Protein chains: 2
Amino acid sequence: MADAILHGIFGSPFVRIAQLGFEEKTAPYRLAKMPFYAMKGEEHLARQPFGRIPALEHDGFALYETQAITRYVDEAFDGPRLQPENIRDRARMNQLIGIHDWYAFPSIGAVIAAQRVMGKTFKISVNEDEIAAVTPQADLSMREVDRIMGDSPYLAGDSFSLADIFFMPMMAFYELTPEGKATLARHPRLASWWSRVAPRPSMAKTRAEYTQT
Amino acid sequence: MADAILHGIFGSPFVRIAQLGFEEKTAPYRLAKMPFYAMKGEEHLARQPFGRIPALEHDGFALYETQAITRYVDEAFDGPRLQPENIRDRARMNQLIGIHDWYAFPSIGAVIAAQRVMGKTFKISVNEDEIAAVTPQADLSMREVDRIMGDSPYLAGDSFSLADIFFMPMMAFYELTPEGKATLARHPRLASWWSRVAPRPSMAKTRAEYTQT
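Worth saying up front: this structure is predicted, and the values here are computed from it rather than measured.

Colleague: Help me get a handle on the environment of Ala68(B), residues and values and all.
Modeller: By secondary structure assignment, the location of Ala68(B) is in helix H3 (residues 66-76). A residue is classified by how much of its surface remains accessible, and Ala68(B), at 0% relative accessible area, is buried. With 12 residues separating them along the chain, Ala68(B) and Leu56(B) place their C-alpha atoms 9.9 Å apart. Those residues in contact with Ala68(B) that lie beyond four places of it in its chain are Ala91(A), Asn94(A), Gln95(A) and Leu63(B).

Right, here's the structure in full:
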């Protein structure tokens, strides 16, 4: 089988989620890096008509949408299982991925972390009013992740899963902001989880220069 | 095992998605209907802190997020399988659910259908500028669904799946609008799919009075 090719911008949180899927499976893939402006270019729109990233090509199969890609990578490649076998743990994983996509990323990833951390690289200005407006949702999202994780070692229970993978790239940005530091100080279980997953080799292999983790 | 209880507003597209999951599985459940204002009330916020619907209770297990609920219902109850066994068909299903949540629902469900169809019930006014602004994304979403489905009988291949379930409640509203009628006229395969799935008993059992389907 041909190696998988992941198209995307190196450093993008959703691209990193897909990369972490491959890295954690120890599955062969190649990141085909594109510049920012290429997202709306003809070549990429043929792969992903909405102009978003990442997009996957694997042995004649073309797929976009990060959730679909990571689930596919887990199911199509050998390596450690990234979706719990237990039905209720799997439901928790799915719920957490939903919380990431609907509530946490739109407030933390798209606003707070984008403006405070990625702003320098991608020329996004910091708007304190916008940040203040999304902070309640950001705080609630992290409170829910902490509550759902409870005393488990990983977000969706006893095993590392796609739930952890979805939150890791965002947390690598968020921990650099005052809001993220306050969140980790407020939630010791979440902080303990982060100190456990941040040093995973998959994170080192996918690190862009503007994050520390 | 105790019956499942689904909390939500009758007629909401996401509540109907979850209901369709139960109906298609022929799994026992009860819809605990709430009025619109109760979504941000204390009782519901204890179940779903973001104030969204639906939320599920099943035998001591509380779960929110529609994707998580429908996947759980498919896996925890007897009845026809709603997620394809074939890995690539399942990836297509996941991609289509992503297209629904990220591109189709924000344009069609939240704007065009909400203003033109649900507007009367929920006192949402029609803003033609807003509708015009989201129409390109709405059209592209439906074009992608049509392309991905190809000549398959169902959206994600040969078997009825959660991909169909996610798009059915939105299409029941959309077909009532000029934009939706134009979309179905432009995409005969999509129109054929809709004429096949709309008469399913699960749709009749979950029909609110302001949709025809």
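Colleague: An account of the interface of chain B and chain A is requested, with residue identities and associated values reported.
Modeller: With 36 residues of chain B at the contact, the number on the chain A side is 36 residues. Taken together, both faces of the contact between chain B and chain A bury some 3,400 Å²; the carbon and sulfur share is 59%. If you sort the residues of chain B by the area they bury against chain A, Phe50(B), Arg88(B) and Trp102(B) come out on top, with a joint share of 21%. If you look at where chain B meets chain A, you find two salt bridges. Between Glu75(B) and Arg90(A) there is a salt bridge, and its shortest N-O distance comes to 2.7 Å. Seen at the junction of chain B and chain A, the total is 14 residue pairs in polar contact (both at pLDDT 80 or more). Secondary-structure elements contributing two or more residues to the side of chain B that touches chain A are strand S4 (61-64), H3, helix H4 (87-122) and helix H5 (128-149) of chain B. Counting residues per element, the side of chain B that touches chain A draws most heavily on H4(B), which supplies 12 residues. Each residue belonging to the side of chain B that touches chain A can be placed in one class, and the counts come to 17 nonpolar, eight polar and 11 charged.

Colleague: So what's going on with the pairing of strand S3 (residues 55-58) of chain B? Which residues, and what values?
Modeller: Within a regular strand, the side chains alternate between the two sheet faces. Residues and elements named next belong to chain B. As judged from the three bridges shared by strand S1 (residues 4-8) and S3, these two strands associate in the antiparallel manner. For His7, the partnering residue across the bridge sits in S3 and is Ala55. For S3 and S4, the ladder comprises four bridges, and the chain directions are antiparallel. Bridging across to S4, Ala55 finds its partner in Tyr64. From the end of S3 to the start of S4, which pair antiparallel, there are two residues, and Asp59 there has a positive phi angle of about 55 degrees.

Colleague: Explain the sheet that holds strand S1 (residues 4-8) of chain A residue by residue, including any values.
Modeller: Residue and element names in this part refer to chain A. Here we have four strands laid out as an open sheet, ordered S2-S1-S3-S4, and mixed in their pairing. Of all the strands in the sheet, the pair left with one neighbour each is strand S2 (29-33) and strand S4 (61-64). Neighbour-to-neighbour, the strand axes of this sheet turn through a mean angle of 20 degrees, independent of strand direction. Sheet contacts for helix H3 (residues 66-76): S1, strand S3 (55-58) and S4; angle to S4, the most-contacted strand, approximately 130 degrees.

Colleague: Go over empty space enclosed by the protein with me, naming the residues and quoting the values.
Modeller: Overall, the coordinates contain three cavities of 30 Å³ or more when judged by the stated rule. What the largest cavity holds in volume is close to 80 Å³. The class makeup of the residues in the lining of the largest cavity is four nonpolar, four polar and four charged. For the second largest cavity, the full set of lining residues is Gln67(A), Arg71(A), Asn94(A), Ile97(A), Gly98(A), Trp102(A), Glu65(B), Gln67(B), Ala68(B) and Asp101(B). Residue assignment for the lining of the second largest cavity shows that the elements contributing at least two residues are H3 and helix H4 (87-122) of chain A together with H3 of chain B. Here the element with the most residues in the lining of the second largest cavity is H4(A); it accounts for four residues.

Colleague: Could you give an account of the environment of Lys40(A), naming the residues involved and the relevant values?
Modeller: Along the chain, Lys40(A) turns up in the loop between S2 and helix H2 (42-47). Apart from the residues within four sequence positions on either side, Lys40(A) is in contact with Leu45(A), Phe50(A) and Gly51(A).

Colleague: Any chance you could break down the packing of helix H1 (residues 13-25) of chain A against H3(A) for me, citing the residues and the numbers?
Modeller: When two helices pack together, their arrangement is given by the angle between the helix axes and the distance between those axes. Residues and elements named next belong to chain A. Look at H1 against H3: their axes get within 9 Å of each other, and the N-to-C directions meet at 5 degrees. Judged by the angle between their axes, H1 and H3 are roughly parallel. The segment H1 lies against H3, with Phe14, Ile17, Ala18, Gly21, Phe22 and Lys25 engaging Thr66, Ile69, Thr70, Val73 and Asp74. Within the contact of H1 with H3, the residues separate by chemical class into six nonpolar, three polar and two charged.

Colleague: Quick one: what's the story with the sheet that holds S4(B), residue by residue and with numbers?
Modeller: Residue and element names in this part refer to chain B. A sheet is described by the order of its strands in space; here four strands give the open sequence S2-S1-S3-S4, paired in mixed fashion. A single partner strand is all that each edge strand has here, and the edge strands are strand S2 (29-33) and S4. Sheet twist, expressed as the average angle between the axes of neighbouring strands with direction ignored, equals 20 degrees. Of the strand pairs in this sheet, S1 and S2 are connected by five bridges, and their pairing is parallel. Across the sheet, the residue bridging to Gly8 is Lys33, located in S2. Its contacts with the sheet put helix H1 (residues 13-25) on S1, S2 and S3, and the angle it makes with S1 is roughly 160 degrees.

Colleague: Let's hear about the relation of the copies chain B and chain A: which residues, and what values?
Modeller: Superposing the two chain copies requires a rotation about an axis and a translation along that axis. Rotating chain B by 180 degrees about the axis while translating it 0.0 Å along that axis superimposes it on chain A, leaving an RMSD of 0.0 Å. Interpreted geometrically, this transformation is the action of a two-fold axis. Comparing interface residues between copies, 100% of those in chain B also lie at the interface in chain A; the contact surface is shared.

Colleague: Got a sec to walk through unusual backbone geometry? Specific residues and values, please.
Modeller: All names here are of chain A. Residues Ile53 and Pro54 are joined by a peptide bond in cis, for which omega reads 0 degrees. Note that Pro54 resides in the loop between H2 and S3. The residue Glu65 is not glycine, and still its phi comes out positive at about 90 degrees. Among the residues examined, Glu65 registers a relative accessible area of 8% and is labelled buried.

Scoring rules and cut-offs
Residues numbered from 1 in each chain as written. Chains lettered and ligands numbered in written order. Predicted model: local features only at pLDDT ≥ 70, side-chain atom pairs only at ≥ 80, totals over all residues. Heavy atoms only, no water. Helix = DSSP H or I, 4+ residues; strand = E, 2+ residues; numbered from the N terminus. Buried < 20%, exposed > 50% of the residue type's maximum accessible area, 1.4 Å probe, protein only. Contact = heavy atoms within 4.5 Å. Buried area = accessible area lost by both parts, 1.4 Å probe. Salt bridge = Lys/Arg side-chain N within 4 Å of Asp/Glu carboxyl O. Polar contact = N/O pair within 3.5 Å; in protein donor to acceptor, adjacent residues only side chain to side chain. Nonpolar A, V, L, I, M, F, W, Y, C, P; charged D, E, K, R; others polar. Pairing = 2+ DSSP bridges. Axes fitted to C-alpha atoms, helices over the stretch in contact; angles between N-to-C directions. 1 Å grid on protein atoms, 1.4 Å probe; cavity = no way out; pocket = protein on both sides within 12 Å on 5 of 7 lines; lining within 4 Å. Points joined across faces, edges and corners; volume = space filled by probe spheres on them. Parallel < 35°, antiparallel > 145°, perpendicular 65-115°, else oblique. Least-squares fit on C-alpha atoms with pLDDT ≥ 70 in both.

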